[in-house]
Amino acid sequence: MPPPSHRPRHTFRNVLLIATLALLFVCAGSLVLNRAAISGYLGGVTGEDEFSKQARAFPEYLSGIARQQPRTDDFVPIAHNGVNPFGVNTFLNQEVEPQKRARQLDLIRDAGFKWIRQEFPWEDIEIHGKGDFDDRRNPPAVVSAWDKYDGIVRMAAERGIGVIARLSTPPRWTRSDPNAIATTPPDNLNDYGDFVAAVVSRYRGQIRYYQIWNEPNVYPEWGDRAVSPEGYVDLLKAGYTRAKQADPEAVIIAAPLAPTIELGPRDMNDFVFLQRMYDAGAKDFFDILSVNDYGLWSGPSDRRMRPRVLNFARPLYVRDIMVRNGDAGKAIWASEIGWNAIPEGHPAAPAFGRVSDDDLARYMPAAYQRAQAEWPWMGVMSYWFFKRASDAERDQSFYYFRMLEPDFTALPVYAAMQAYTRQKPIIYPGYFQEDHWAISASDGWQTVKDARAVLGAYRQSSTPNDSLTFTFQGSGLDVVFVRRPGAGVARVNVDGQPVEFNLVASDTRFGERTSIARGLPGGPHTARIEVVSGSVGVDGILVLR
């Protein structure tokens with residue numbers, strides 16, 4: 001027998017062939033015996049429910065994980081990422097009867113939503129000319145154009161619901177071209193700035209979050225013309241500047257970009273558009289970035305990371321662009337999220353994909369859950385949409401994103417979200433502020449503003465036994481305390497194991513992490529931060545992976 005190095009090469013090929021066939025035989029047998037388990041795994045990474053589609057999608061998933069993954073910087077302080085995430089889009093301005101607006105808001109509250117994203121159309125407020133806020137469209141009546149929106153804001157506040165105001169859709173008098181479509185930007189951006197200032201001034205102390213425009217990277221949201229990242233930045237700057245002058249506490253949300261792989265001129269890829277926004281100086285003129293995060297043709301568990309795959313995971317790429325542009329300290333909010341439940345056999349093309357009502361009811365809680373568990377930079381996610389005022393659009397695919405029919409008949413997704421929002425909130429891995437929505441605080445805690453603190457504020461109490469309590473899921477926990485001369489003693493209790501910390505320091509120090517727990521097992525854990533004595537300041541928490 002020749003030495004191994006001189007054996008015929010075909011012998012190795014035969015052995016390899018036999019081994020490959022044996023492996024395929026074992027895999028085939030395993031596939032038959034464990035098809036359900038395998039399908040469950042494949043569904044968990046491809047977002048597909050059917051085995052044939054899972055098999056086609058899995059190679060795309062594998063090719064994606066072989067590439068460099070998006071950089072998301074999960075463990076940096078991020079503003080506006082710890083708010084209650086449950087939002088929903090409304091068209092309350094289109095409901096003629098105030099009692100129907102009230103009924104919608106009652107149902108929204110009962111479903112557990114804490115935010116509505118509501119357009120304040122410029123053309124419906126400053127209707128007839130600059131500075132003219134009277135509505136004379138139904139003569140002889142003359143009413144204030146503000147009345148309807150004042151009522152929406154008031155009714156939402158009465159139910160504990162916050163408003164995210166979308167400011168878009170200019171009136172005709174703002175453009176010299178009589179044929180310009182309603183979404184075309186105004187000729188003079190100062191007119192838009194004046195409108196933003198008017199809205200923000202009127203609702204100062206009532207509305208905090210304002211979105212400047214909508215989907216400027218696609219037709220027809222930038223009019224019937226080529227889109228322009230630089231032009232949008234100019235409009236964003238005008239809106240941001242005037243809003244901050246009217247209310248320094250106003251928080252400005254950049255317009256969500258439509259997810260698309262087109263390269264223009266009337267539809268531009270969202271990644272290209274966003275990078276050009278940064279190149280044009282957008283970073284200084286928004287506080288929150290927003291996305292429209294539709295699942296389209298696959299479910300919320302789709303983990304295929306390919307830029308040309310439009311799926312629920314797409315915000316990871318957007319976050320990567322933010323990080324690479326030095327903007328990791330800002331949150332992303334999803335202005336629109338959903339799947340299209342157009343009936344099978346409907347004459348309209350399934351332009352946004354197609355799912356059943358039951359699929360939609362499964363997908364939505366899972367989508368919120370994935371974002372909460374994996375994306376600590378994500379804030380409010382607003383379901384698209386609650387209901388329309390009439391069924392006039394029933395012949396269009398757009399109509400079938402709804403949660404309720406116009407007659408208030410609820411679809412299965414309503415009950416599914418209602419059940420999900422009632423679950424005990426859990427803080428998952430990431431860096432969060434001390435006012436996170438899942439933290440319960442006793443009455444003695446006060447918010448202290450200090451430019452030296454992480455993101456400019458912290459919570460403080462000098463009342464013994466005052467506590468901050470929360471449930472978290474992760475392998476460890478850090479707390480960011482304020483350490484200073486004369487500080488007090490804090491006790492942190494994790495799963496019944498208390499440890500005390502003396503917070504006295506020779507000088508005032510912010511941003512220092514104190515290790516509380518490591519090596520925790522899987523599953524939820526309970527934490528309680530208590531004041532033992534003196535003054536205790538808490539400036540953030542970190543749940544670790």
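Being a predicted model, the structure only gives us computed values, none of them experimental. (Residues numbered from 1 in each chain as written. Predicted model: local features only at pLDDT ≥ 70, side-chain atom pairs only at ≥ 80, totals over all residues. Heavy atoms only, no water.)

Colleague: What's the story with the overall build of the protein in this structure? I'm lost.
Modeller: Assigned secondary structure in the protein consists of 11 helices and 21 strands. A globule of 545 residues ought to have a C-alpha radius of gyration of about 24 Å, and the protein, at 27 Å, matches this closely. Overall size of the protein, expressed as C-alpha extent along the three principal axes, is 105 × 70 × 45 Å. For the protein, buried positions account for 54% of its 545 residues. Across the protein, the fraction of contacts at a sequence separation of at least 24, relative to all contacts at a separation of at least 6, is 74%. As displayed, the protein has an accessible area near 23800 Å², and 53% of this comes from carbon and sulfur atoms. Once the 61 positive and 64 negative side-chain charges of the protein are each reduced to a mean point, those two points are 5 Å apart. (Helix = DSSP H or I, 4+ residues; strand = E, 2+ residues; numbered from the N terminus. Rg over C-alpha atoms; globule rule 2.2 N^0.38 Å. Buried < 20%, exposed > 50% of the residue type's maximum accessible area, 1.4 Å probe, protein only. Contact = heavy atoms within 4.5 Å. Areas by Shrake-Rupley, 256 points an atom, 1.4 Å probe, with all protein chains shown as cover. Lys, Arg positive; Asp, Glu negative; His and termini not counted. Charge placed at Lys NZ, Arg CZ, Asp CG, Glu CD.)

Colleague: Hey, could you run me through the nonpolar core in this one?
Modeller: One broad trend across soluble globular proteins is that nonpolar side chains are buried collectively. In this structure, Ile116, Phe120, Tyr210, Tyr232 and Tyr368 are the most contacted members of the largest nonpolar core, which totals 102 residues. When sequence neighbours within four positions are dropped, the list of residues in contact with Tyr368 reads Pro85, Phe86, Gly87, Phe113, Ile337, Met381, Ser382, Tyr383, Met417 and Tyr420. Ranked by size, the runner-up nonpolar core spans 27 residues in total, among them Ala438, Leu477, Val494 and Val531. (Core = buried A, V, L, I, M, F, W, Y, C linked by side-chain atoms within 4.5 Å.)

Colleague: I tried to follow the sheet that holds strand S17 (residues 489–494) on my own but got confused; where do I start?
Modeller: Each strand in a sheet pairs with its neighbour through backbone hydrogen bonds, running either in the same direction (parallel) or in the opposite one (antiparallel). Spatial strand order, S12-S15-S20-S17-S18: 5 strands in an open sheet with antiparallel pairing. Only two strands of the sheet have a single partner each, and these edge strands are strand S12 (440–441) and strand S18 (497–502). Alignment of S17 against S18, held across 6 bridges, turns out to be antiparallel. Within S18, the position partnered with Arg491 by the bridge is Glu500. (Pairing = 2+ DSSP bridges.)

Colleague: Mind showing me how you'd approach the pairing of S17 here?
Modeller: Sheet faces and side chains relate simply in a regular strand, where the side chains alternate between the two faces. Among the 6 residues in S17, 5 count as buried, and that is most of the element. The turn linking S17 back onto S18 is made up of 2 residues, and Asp495 within it adopts a positive phi angle of 55°. By the bridge criterion, 6 bridges tie S17 to strand S20 (residues 525–533) in an arrangement that is antiparallel. When the bridges of S20 are listed, Ala490 appears paired with Val531.

Colleague: Please clarify how the pattern of salt bridges should be interpreted in this entry.
Modeller: The full count for this structure, using the stated rule, is 47 salt bridges. Here Glu249 and Lys449 are joined by a salt bridge, their closest N and O atoms 3.6 Å apart. Placement of Glu249 in the loop between helix H7 (229–246) and strand S7 (251–254) and of Lys449 in strand S13 (residues 446–449) is noted, with a sequence separation of 200 residues between them. A relative accessible area of 41% places Glu249 in the partly exposed class. In this structure, Glu530 and Arg528 form a salt bridge, with 2.8 Å as the shortest nitrogen-oxygen distance. Take Glu530: its relative accessible area is 12%, and that puts it in the buried class. Sharing partners across several salt bridges, the network here consists of Asp106, Arg109, Asp110, Arg154, Glu158 and Arg159. (Salt bridge = Lys/Arg side-chain N within 4 Å of Asp/Glu carboxyl O.)

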